[in-house]
Amino acid sequence: NLAGDIYDLINIINEKINDDIIVYAYCHPETIMTEEGKMIKRIAAQGKQLEKFAPESFSSIVFFTQVVSVPGQPSEFFFRTVNTGRDTCKTPLEMFEEELVPNDLVLINEKINEYYG
């Protein structure tokens, strides 16, 4: 049931919600081994039926959190906007100029609205 409910929720977000509404889904990452033997991080999907299901494939924007730690200073949290080759992070080309952007949804909202106009 979980697999079907998650799939239905993603379809509702993509097909039934107005285009002027931005939906943010917060997820945990998991590390998996691809069929080619490569380790990648992706959105965690629980249950046997969801092992081949990639929720991020239904979105054009997927951020990963990047923590920057400098000894003696507080850690800083960013959103990574580009894929490292070992994860499923993605944003449309030229939406962001920087690889790391502040963890600030107001800024993210502005960039998304500016990009899609």
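As the structure is a computational prediction, the values presented were derived from the model and not from experiment.

**A few points about the pairing of strand S1 (residues 29-33)**
Move 1: Direction of pairing for S1 relative to strand S2 (residues 39-43): antiparallel, over a ladder of 5 bridges. Note that in S2 the partner of Pro29 across the bridge is Ile43.
Move 2: Hairpin connection between S1 and S2: a loop of 5 residues separates the two successive antiparallel strands, and Gly37 in this loop has a positive phi of roughly 85°.

**Some points on the environment of Ile10**
Move 1: Structurally, the position occupied by Ile10 is in helix H1 (residues 2-15).
Move 2: Along the chain, Ile10 and Pro55 lie 45 residues apart, while their C-alpha atoms are 7.7 Å from each other.
Move 3: Among all residues touching Ile10, those that are not within four sequence positions of it are Phe53, Pro55 and Phe58.

**Overview of the nonpolar core**
Move 1: Counting residues in each nonpolar core, the largest one holds 7 residues, listed as Ile61, Phe79, Met95, Phe96, Val101, Ile108 and Ile112.
Move 2: Apart from the residues lying within four places of it in its own chain, the contact partners of Ile112 are Ile22, Tyr24, Ile61 and Met95.

**Here's the deal with a nonpolar patch on the surface**
Move 1: Taken together, the side chains of Val68, Val70 and Leu100 present a nonpolar region at the surface, about 180 Å² in accessible area.
Move 2: Relative to the helices and strands, Val70 resides in the loop between strand S3 (64-68) and strand S4 (76-80).

**Things to note about the environment of Glu56**
Move 1: Looking at the secondary structure, you find Glu56 in the loop between S2 and S3.
Move 2: Linking Glu56 and Arg42, residues 14 residues apart in sequence, is a C-alpha distance of 7.9 Å.
Move 3: Among residues more than four places away in sequence, those in contact with Glu56 are Arg42, Ile43, Val62, Thr88 and Lys90.

**What about the packing of aromatic side chains?**
Move 1: Here the structure, examined in full by the defined rule, presents 4 aromatic pairs.
Move 2: Ring plane angle 35° and centroid distance 5.2 Å describe the contact between Phe63 and Phe79, whose orientation is recorded as tilted. A residue pair is termed long-range when its members are at least 10 positions apart, and Phe63 in the loop between S2 and S3 and Phe79 in strand S4 qualify at 16 residues.
Move 3: Exposure remark for Phe63: the relative accessible area of 21% places this residue in the partly exposed category.
Move 4: Taken together through their ring pairs, the aromatic side chains of Phe63, Phe79 and Phe96 make up a single cluster.

**So, the pattern of salt bridges**
Move 1: Scanning the entire structure with this criterion turns up 2 salt bridges.
Move 2: Note that Arg42 is salt-bridged to Glu30, the shortest N-O span being 2.9 Å. Pair noted here: Arg42 is in strand S2 and Glu30 is in strand S1, with a separation of 12 residues, a long-range link.
Move 3: Given a relative accessible area of 6%, Arg42 falls into the buried group.
Move 4: One salt bridge in this structure joins Arg80 and Asp87, with 2.8 Å as the shortest N-O distance. Here the two residues Arg80 and Asp87 agree in accessibility, since each one is buried.

Calculation criteria
Residues numbered from 1 in each chain as written. Predicted model: local features only at pLDDT ≥ 70, side-chain atom pairs only at ≥ 80, totals over all residues. Heavy atoms only, no water. Pairing = 2+ DSSP bridges. Helix = DSSP H or I, 4+ residues; strand = E, 2+ residues; numbered from the N terminus. Contact = heavy atoms within 4.5 Å. Core = buried A, V, L, I, M, F, W, Y, C linked by side-chain atoms within 4.5 Å. Buried < 20%, exposed > 50% of the residue type's maximum accessible area, 1.4 Å probe, protein only. Patch = residues over 30% accessible without salt bridge, like charges linked within 9 Å, V, L, I, M, F, W, Y side chains within 5 Å. Areas by Shrake-Rupley, 256 points an atom, 1.4 Å probe, with all protein chains shown as cover. Salt bridge = Lys/Arg side-chain N within 4 Å of Asp/Glu carboxyl O. Phe/Tyr/Trp six-rings, centres within 6.5 Å; stacked < 30°, edge-to-face > 60°.

Bear in mind that shape data such as this cannot, by itself, settle questions of function.
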